Amino acid sequence: MSDTLEIHINENSRVPKYKQIVDSILNGIDGGQIKIGEKIPSINELSESCFLSRDTVEKAYKELRKRQIIESVKGKGYYISRINKNDSINIFFLINKPSTYKMMIYNYFVNAIGTKGNVEMYIYHCDETLFINSLKKNLGGFDYYVIMPHFRDEQSKHTSSTQEVLDIIEQIPKNKLLLLDNTKPNISGEYGSIFQDFEHDIYNALEEGLDKIKTYEKIILVYPDKSIHPYPFRIVRGFEKFCKDFKLDYEILDEIYPDMELQDKDIFITIRERDLVNLVKQIRQKNLKLGEDIGIISYNETPLKELLGITVITTDFKAMGESAAYMILKNKKESVNNVFKFIQRESL
């Protein structure tokens, strides 16, 4: 059993004690104080030695087992996982922006990969040159390349790729390539892809909420026409098709302006967080009731929207991250349209 395992618990810290246990063990492994295959104290032993509740230690060990850091051997106890870190997969993870949603995908991916892979994240901010340079510097250095292709053209509008982007992607062996989030560009060969179909996803999600939407008189999409991190125009196409097919009065704005002319029975679809915040502020200032006088549907789920009761149409970020990890670990080359859903809450 490890004599070098040191669990550091800061009683004054706001970090949960189970998380402090997890961090102490991970730091011990990274620092070489705890070896792969080494036995660690039982739940009862660690509970007694650190003056912690058994539930706290059990929660920490459960988290470590989930992440495949430790394993239990029946009748013998807990051991540091025997996975050889030198044999783990090296993964290059390239995202277009550090938004809440993209980081959720990344975190779910990393957790699902666990100790079987080392993941290095790079951000290119929808800039074609940064994207190409990042790949050029790292070609041949990784076992897998996970890429989210979203770019900003000269008019600050969204584009999925350029010829230069396709040329550099073509240099990645297809058995090492996995495209995430955006529909796949015209790339030759067989490779993995987990994507959003922006036009059909928004159409189908809104159709799911059609009965509620029809209780409002006008539906307004707030789509930022130009942005540092632009959004696919296919969202607009899907929205317009939905409104025309179901004969709904609609309008498209590029932002929520100060002192909006809000009308009773308007319903808004917001994409950016700041537009959502500005809209809610104005609804409150005008003493309108959210969900009755004015409806809101927000694009992309976050924990805060759930807490505030905001209806969302959203891809399943957990499914995307975990599916990507599964495809790499199982060496799959599938093309998957990620789950997209309508979640109704009090704002509608």
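Residues numbered from 1 in each chain as written. Predicted model: local features only at pLDDT ≥ 70, side-chain atom pairs only at ≥ 80, totals over all residues. Heavy atoms only, no water.

K.L.:
An account of the packing of aromatic side chains is requested, with residue identities and associated values reported.
P.N.:
With the rule as written, the count across this model stands at 17 aromatic pairs. For the pair phenylalanine 242 and phenylalanine 246, a centre-to-centre distance of 5.2 Å together with 50° between the ring planes defines the contact as tilted. You can call phenylalanine 246 partly exposed: its relative accessible area is 22%. Each member of the aromatic cluster is reached from another via a ring pair, and the members are Phe92, Tyr122, Phe142 and Tyr145. (Phe/Tyr/Trp six-rings, centres within 6.5 Å; stacked < 30°, edge-to-face > 60°. Buried < 20%, exposed > 50% of the residue type's maximum accessible area, 1.4 Å probe, protein only.)

K.L.:
Could you give an account of helix α12 (residues 317–329), naming the residues involved and the relevant values?
P.N.:
With 13 residues, α12 extends 18 Å from end C-alpha to end C-alpha; this agrees with the ideal 18 Å at 1.5 Å per step. Listed in full, the buried residues belonging to α12 are Phe317, Met320, Gly321, Ala324, Ala325, Met327 and Ile328. Along the axis of α12, the buried residues cluster in a sector spanning 165°; they form a single face. Those residues of α12 that are buried are in contact with β4 (89–95), α4 (100–113), β6 (144–147), β9 (177–181), β10 (192–195) and β15 (311–315). One or two residues past the end of α12 sits asparagine 331, with phi positive at roughly 55°. (Helix = DSSP H or I, 4+ residues; strand = E, 2+ residues; numbered from the N terminus. Expected span 1.5 Å × (residues − 1). Arc of directions from axis to C-beta. Contact = heavy atoms within 4.5 Å.)

K.L.:
Please give an account of the domain arrangement of the protein that cites residues and values.
P.N.:
If you check the domain split of the protein, you get domain 1 (15–78), domain 2 (87–196 + 315–338) and domain 3 (197–313). Inter-centroid distance (C-alpha atoms) of domain 1 to domain 3 is 46 Å. (Domains from an automatic or database assignment.)

K.L.:
Please provide a residue-by-residue account of the sheet that holds strand β14 (residues 294–299), values included.
P.N.:
Spatially, the six strands line up as an open sheet ordered β12-β11-β13-β14-β15-β17, and their pairing is mixed. Two strands close off the open sheet at either side, each with one partner strand: β12 (250–253) and β17 (340–343). With direction set aside, neighbouring strand axes in the sheet form an average angle of 15°. Relative to β14, strand β13 (residues 266–270) runs parallel, the two sharing five bridges. Directly across from threonine 270, in β14, lies its bridge partner serine 298. Sitting on the sheet, helix α7 (residues 198–208) is in contact with β13, β14, β15 and β17, with an inclination near 30° to β17. Sitting on the sheet, helix α9 (residues 234–245) is in contact with β11 (218–222), β12, β13 and β14, with an inclination near 165° to β12. (Pairing = 2+ DSSP bridges. Axes fitted to C-alpha atoms, helices over the stretch in contact; angles between N-to-C directions.)

K.L.:
Explain the confidence of the model for the protein to me, using residue names and the numbers behind them.
P.N.:
Per-residue pLDDT for the protein averages 91, and the proportion of residues at 70 or more is 97%. Averaged over each element, pLDDT in the protein is lowest for strand β2 (residues 70–73) (85) and highest for α9 (98). (pLDDT = per-residue confidence, 0-100.)

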